[in-house]
Structures are given as structure tokens and as C-alpha cells.
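Chains, contacts and geometry: an overview
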Amino acid sequence: LAGGATGTSSPKLVYLNDCKPNGCTVRPGRDNATTNTSSIVSTLTLLPPFPFSDALFDQVVQCVRNSFSPFSVIVSTTDPGNVLHREFMYTTLPSTIGKPIGVGGVAPWACGIPLENTIAFGFATIHGEDVAELCNTASHEIGHLMGLDHDFYCPDHMTYLEGCGMKSFVDVDAQCGTYSPTNCYCGAAPTQNTFAKLAGLAGLSRPIFADGFDP
């Protein structure tokens, strides 16, 4: 039983798509997740499906749900059809959409403006059967769709820094930057707090009953 959320009238919907069994067809054009149209692809493209087992994908899905569990965000593996949503498609290699080898994921970006009804992509073959890396990539790219910038704080999902264990969206005001610290949102702000930004966008998930009936 879940209570209300703050900052939003309804939960934000995210669709994790493994493109099974026959792949995902994506059309070039203005971003629209309900029609599988993306500004990132340049031609009509058939993405191969997620290359690993259903059991492994289930672990990735649970991990992504855990990442977004503080917020009023529904992470689903069921195609929402014509319902507006954000979507993350997991395929094999970045070359399937013309990206260079080594790219783990990609998403549209608008200098911190949340993008509704858009698609991000992940390339599972780059990470292998590493649930933590597959989860972090999905959470990171979905974060971009929700307006989050790269930050320069190792424990956070939105960083490229490594070596600090499992990541999350952290309630810390951190500098942004991919390979060096810089200001956030194309220079519009000195720092970013990923937890606060997601809470402001989606609202907080507030369970009425949790372990031991704690609020």
C-alpha cells in the first residue's frame, strides 16, 4: 500500500524494453516513444534484442526499480502503447544506430529540461552479463530523459567516475562534468542534486507501511 507523492499529480512511467523476441523498429524524426520515433537514429532501424537471458534481464529490471524506488516512478516491462512514457531500449552494439564502439548508452539531452515521451538506448554487449553495469547504464540514460546532467560525483548514477561500488541518485549538491568538473545544465547552475531534481519532477514515493509498520 503506497501513499501519495509530492510534486506530481501522477507517477512518471518508464518502459524498459528488451526488444524481444524480434527486435525493435525505430524511426527517425521528432522524439515520440509512443510511435518508436527518435531523433538519435538517422534511418529506419531494426534493433536486435537484448542478447542475454530473460532471467538476467529480470535482475536488471529489479535493480533499475530499486534505483528509482524513492520517487513516484513506475518502471514497467509492459508496452504502454499510446500512453505517454519514457522508454529505454536495450539492444546489442552501438553500431546498430551508428554510434562508435565503446558507447554504453545514449539519450537525447536538452540542457537539463526533462524530455517527455522520449527514447534512450543501451548497448548490452558492451557491458556483458554484468547486472550492475547494465543497471547503471539504464538508470543513467533514463536520468538524462528526466533532465539530469552528467555529474562529477562517484557514488551517483549520473557520473562516469568508477571504483566506488553500486551507484544511486544521491542527495548531494555535486559539480557536473563528464571527464572534469564543470557547471551544470550547459552552464546554467553551479551544481546538481540528482535526488532533489527527481523528487521535484516525479515526487517522492511515500509508503504508508514498510518493514515493521514504520512510516
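Computed from a prediction, not measured in an experiment: that's the story for all the values here.

Turning to the overall build of the protein, a few remarks are in order. For the protein, the count of helices and strands is four helices and eight strands. In the protein, the order of α-helices and β-strands from amino to carboxyl end is β-β-β-β-α-β-β-β-β-α-α-α. Rg of the C-alpha trace for the protein: 17 Å, near the compact-globule value of 17 Å for 215 residues, within the 12% margin. Projected onto its principal axes, the C-alpha positions of the protein cover 45 × 40 × 30 Å. Counting contacts in the protein only where the partners sit at least 6 residues apart, residues at least 24 apart contribute 67% of the total. Looking at the protein as shown, the accessible area adds up to about 10100 Å², and 54% of this sits on carbon and sulfur atoms. One finds the centroid of the 10 positive side-chain charges in the protein at a distance of 9 Å from the centroid of its 19 negative side-chain charges.

Moving on, we come to helix H1 (residues 54-68). Taking 1.5 Å as the rise per residue, H1 with 15 residues should run 21 Å; its terminal C-alpha atoms sit 21 Å apart, in good agreement. When H1 is considered as a whole, its buried residues turn out to be Leu-56, Phe-57, Val-60, Val-61, Cys-63, Val-64, Ser-67 and Phe-68. For H1, the buried positions fall inside an angular range of 165° around the axis, keeping them on one side. In the core, the buried residues of H1 are packed alongside strand S1 (12-17), strand S5 (73-76), strand S6 (86-91), helix H3 (131-145) and helix H4 (194-202).

The three strands lie next to each other as S3-S2-S4, forming an open sheet whose pairing is mixed. The two strands at the open ends of the sheet, each matched to only one other strand, are strand S3 (37-38) and strand S4 (45-47).

All right, on to the pairing of S6 then. Counting buried residues in S6 gives six out of six residues, a clear majority hidden from the surface. Residues of S6 alternate between two faces, with Arg-86, Phe-88 and Tyr-90 on one and Glu-87, Met-89 and Thr-91 on the opposite face, all of them buried. Bridging between S6 and strand S8 (residues 119-123) involves five bridges; their strand directions are parallel. Note on S8: the bridge partner recorded for Glu-87 is Ile-119.

Another aspect to go through is the environment of Thr-35. If you trace the backbone, Thr-35 turns up in the loop between strand S2 (24-28) and S3. Considering only alpha carbons, one finds Thr-35 and Asn-82, 47 residues apart in sequence, at a separation of 8.0 Å.

Cut-offs applied
The residue numbers shown here count from 1 along each chain, following its written sequence. The model is predicted, so local features are restricted to residues of pLDDT at least 70 and side-chain atom pairs to those at 80 or more, both for listing and for counting; the totals for chains, interfaces and linings are taken over all residues. To get the side-chain values, take all heavy atoms of the structure and skip hydrogens and water. Working definition: helices are DSSP H or I runs of at least four residues, strands are E runs of at least two. Numbering for both runs from the N terminus. The atom set for the radius of gyration is the C-alpha atoms, and the globule formula is 2.2 Å times the number of residues raised to the power 0.38. Contacts were defined at the residue level, with two residues in contact if any of their heavy atoms lie within 4.5 Å. Surface exposure here means Shrake-Rupley accessible area, sampled with a 1.4 Å probe, where a residue is shielded only by the protein chains that are shown. None of His or the chain ends enter the tally, which takes Lys and Arg as positive and Asp and Glu as negative. Note that the charge is assigned to NZ on lysines, CZ on arginines, CG on aspartates and CD on glutamates. The span one expects for a helix is its residue count, reduced by one, times 1.5 Å. Each residue's exposure class comes from its accessible area (1.4 Å probe, protein chains only) as a fraction of the maximum for that residue type: buried when under 20%, exposed when over 50%, partly exposed otherwise. To obtain the arc, one takes the directions from the helix axis to the C-beta atoms. Two strands are counted as paired when DSSP detects at least two bridges linking them.

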